[in-house]
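Understanding the architecture of this molecule
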Amino acid sequence: MTRTVYVNGEYLPETDAKISIFDRGFLMADAVYEVTSVLDGKLIDFEGHAVRLKRSLDALDMAEPCTKDELLDIHRKLVELNEINEGLIYLQVTRGSDGDRDFVFPSEDTAPTIVLFTQNKPGLADSPAARKGAKIISIDDIRWGRRDIKTVQLLYPSMGKMMAKKAGADDAWMIEDGYVTEGTSNNAYFVKNGTIVTRPLSNDILHGITRKAVLRMAEEAQMKIEERLFTIDEAKEADEAFTTSASAFVMPVVEIDGVALGDGTPGPIACRLREIYLEESRAAAV
Ligand code: PMP
């Protein structure tokens, strides 16, 4: 089935969608994005993603391409047109193009580019990967200093995933100044003696929408949480570990740099949080 995608106000077959070669998203990675998951044909935490999109745009002095209500309509229409029951909606906004390449930003009346497309992922919630748990390796974090802005500069995270694959693992956690920052495309946590430990929010990590929801749910379930810096060695000695992201929800981690955590299977807290997250998110989906 040819996907119907959205480009600057139009719904088009993916093969007819066009963006200028001078678009700053293409030339300069001058663009921000969001990924929203779809379960039961409904959007998970749309509000959180819309708020973070605005924050990213504001941080880069980029114009909003449309209102939040329009954005919701576009998301819903794409779900309907592409018959998505479980999957993802990718949204990208760029600073647009004024028809040439220049380091200087184009004038403020240059229209932003907005693109959305769907990814059909049957079985997203009941994922075999989550039942197995992920093996991760640690790598240096050599990204820029504003990781709280969700830009499309994803080359290094993408290389990190490839380093993991090459090492026979599934993903990588990044380390800066001796402390874990986050995963290539997720926030990182470990659990020791019943306490969930994760790095506090700052410019060093993305403020995960799933992180916020999961920490709230963990608190409501009377789980203990510590937001502090942690080393990879602490994580390796943990009882269990996990990651969170909008596309993989709560993903148990069973191995770090070749060291099995606990008995090497997904831990009870990660599994419980995945269940709670999926249940509550489905109930609140729009
Ligand atoms: N950190 C990074 C670097 C990411 O790319 C992502 C996913 N985009 C996350 C964390 C998780 O954020 P969210 O829960 O909003 O998907």
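Residues numbered from 1 in each chain as written. Predicted model: local features only at pLDDT ≥ 70, side-chain atom pairs only at ≥ 80, totals over all residues. Heavy atoms only, no water.

Heads up, the condition is: UniProt positions are given in the numbering used here, feature names are shortened, and annotations may be inferred rather than shown by experiment.
Per an unreviewed UniProt entry, the protein chain goes by Probable branched-chain-amino-acid aminotransferase and derives from Shimia abyssi. Listed under Sequence similarities (unreviewed entry) in UniProt, the entry text for the protein chain is "Belongs to the class-IV pyridoxal-phosphate-dependent aminotransferase family." If you open the UniProt record of the protein chain and go to Function (unreviewed entry), you find "Acts on leucine, isoleucine and valine."

1. A short note on the side chain of Thr 195
For clarity, the threshold we go by: A run of DSSP states H or I qualifies as a helix once it reaches four residues; a run of E qualifies as a strand once it reaches two. Both are numbered from the N-terminal end. Only protein chains enter the accessibility calculation, which uses a 1.4 Å probe; a residue whose area is less than 20% of its type maximum is buried, one above 50% is exposed, and one in between is partly exposed.
Residue position: Thr 195 is located in strand β11 (residues 195-198). Its relative accessible area of 12% is what places Thr 195 among the buried residues.

2. As for the site of the ligand
As a reminder of what qualifies: Residues are labelled near a given molecule or strand when at least one of their non-hydrogen atoms is within 4 Å of it. N or O atoms within 3.5 Å of each other form a polar contact, as long as, within protein, one can give a hydrogen and the other can take it, and as long as residues adjacent in sequence are counted only when both atoms are side-chain atoms. Under the convention used here, a 1.4 Å probe and the Shrake-Rupley method define accessible areas, while residue burial counts only the protein chains that appear. We call Asp, Glu, Lys and Arg charged. Ala, Val, Leu, Ile, Met, Phe, Trp, Tyr, Cys and Pro are nonpolar, and the rest, Gly among them, are polar.
Taken together, 17 residues sit near the ligand, with Arg 52, Lys 150, Glu 182, Ile 209 and Thr 210 positioned nearest. A distance of 2.6 Å separates a nitrogen atom of the ligand from a polar atom in the side chain of Glu 182. A distance of 2.8 Å separates an oxygen atom of the ligand from a polar backbone atom of Ala 246. Protein chains bury 91% of the 390 Å² of accessible surface belonging to the ligand in isolation. Residues belonging to the shell around the ligand are distributed by class as follows: four nonpolar, nine polar and four charged.

3. What to know about the packing of aromatic side chains
Convention followed: Note on ring pairs: Phe, Tyr and Trp rings are taken, using the six-membered ring of Trp, and paired if centres are within 6.5 Å. Classes follow the plane angle, with under 30 degrees stacked, over 60 edge-to-face and the rest tilted.
Per the counting criterion, the structure on display carries seven aromatic pairs. Centroid distance Phe 190 to Phe 230: 5.2 Å. Interplanar angle 70°. Geometry classified as edge-to-face. Note that Phe 190 is positioned in strand β10 (residues 187-192) and Phe 230 in the loop between β12 (224-227) and α7 (232-236), a separation of 40 residues in sequence. Assigned by exposure class, Phe 190 and Phe 230 land together as buried. Geometrically, the ring pair formed by Phe 249 and Tyr 277 is tilted, given 6.0 Å between the ring centres and 35° between the ring planes.

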